[in-house]
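Working through the structure, step by step
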Amino acid sequence: MADIIDLTFHADVRRFFTKLIDQRGLSYFLQKEGPRLFHIEPSKVELVLRTALRTRDPALPRPHEKAIEHCRKELRRELIRRVANAMLQTGL
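Description of the nonpolar core
By size, the foremost hydrophobic cluster in this structure holds 20 residues, and its most contacted members are V13, F29, V48 and L79. If you list the elements that add at least two residues to this core, you get helix 1 (7–24), helix 2 (42–54) and helix 3 (65–90). Looking at this core element by element, the count peaks at 6 residues for helix 1. In this structure, L79 is in contact with F17, I21, L26, F29, I40 and V45, ignoring residues within four places of it in sequence.

And the structure:
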């Protein structure tokens, strides 16, 4: 059988990500110091995933590791898309 992605977990991750980016902005997810501008900070992505896991109904089983990895990749893709869009808006 094919791998099943937990859509409720994915929806929770998207909801927490949207709340956080609306409240704190894109710069919250980027490293403040270092040689590379616009570098995504992995700890912020993990924060969103941990929050979604922590607030999950205890009666539900823990999502499969592949589902968690899929959500991690989706968050990074969305952040990369937003960073690229911000760079185009500023003319970099």
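A few points about the packing of helix 1 against helix 3
One can describe the packing of helix 1 onto helix 3 by two numbers: an axis separation of 10 Å at closest approach and a directional angle of 35°. Of the two elements, helix 1 crosses helix 3, and the hand of that crossing is right-handed. In contact with F9, H10, V13, R14, F17 and I21 of helix 1, helix 3 contributes A67, I68, H70, C71, E74, L75, E78, L79 and R82. Of the residues in the contact of helix 1 with helix 3, the class split is 9 nonpolar, 2 polar and 4 charged.

With respect to the environment of K32
Take K32: it is sitting in the loop between helix 1 and helix 2. A polar side-chain atom of K32 sits 2.6 Å from the main-chain carbonyl oxygen of S27. At a separation of 3.4 Å, a polar atom in the side chain of K32 contacts the main-chain carbonyl oxygen of L30.

Here's the deal with the environment of S27
Along the chain, S27 turns up in the loop between helix 1 and helix 2. A C-alpha to C-alpha distance of 8.3 Å links S27 and F38, two positions 11 residues apart in sequence.

Considerations on the packing of aromatic side chains
Taken as a whole and assessed by the stated rule, the structure comprises 2 aromatic pairs. Pairing F17 with F29 gives two aromatic rings, centres 5.4 Å apart and planes at 55°, and the pair type is tilted. Of this pair, F17 sits in helix 1 while F29 sits in the loop between helix 1 and helix 2, and the two are 12 residues apart along the sequence. Taken as a pair, F17 and F29 share a single burial class, namely buried. Look at Y28 and F29: their rings are 5.5 Å apart centre to centre, the planes differ by 85°, and that puts the pair in the edge-to-face class. Like F29, Y28 is buried. Every member of this aromatic cluster is reached through a ring pair, and the members are F17, Y28 and F29.

Details of helix 3
An ideal rise of 1.5 Å per residue puts 38 Å on 26 residues; helix 3 measures up with 37 Å between its terminal C-alpha atoms. In this structure, the buried side of helix 3 is in contact with helix 1 and helix 2. Looking one or two residues past helix 3, G91 carries a phi angle of roughly 90°, positive in sign.

Analysis parameters
- Residues numbered from 1 in each chain as written.
- Predicted model: local features only at pLDDT ≥ 70, side-chain atom pairs only at ≥ 80, totals over all residues.
- Heavy atoms only, no water.
- Core = buried A, V, L, I, M, F, W, Y, C linked by side-chain atoms within 4.5 Å.
- Buried < 20%, exposed > 50% of the residue type's maximum accessible area, 1.4 Å probe, protein only.
- Helix = DSSP H or I, 4+ residues; strand = E, 2+ residues; numbered from the N terminus.
- Contact = heavy atoms within 4.5 Å.
- Axes fitted to C-alpha atoms, helices over the stretch in contact; angles between N-to-C directions.
- Left-handed = near helix turned anticlockwise from the far one by under 90°.
- Nonpolar A, V, L, I, M, F, W, Y, C, P; charged D, E, K, R; others polar.
- Polar contact = N/O pair within 3.5 Å; in protein donor to acceptor, adjacent residues only side chain to side chain.
- Phe/Tyr/Trp six-rings, centres within 6.5 Å; stacked < 30°, edge-to-face > 60°.
- Expected span 1.5 Å × (residues − 1).

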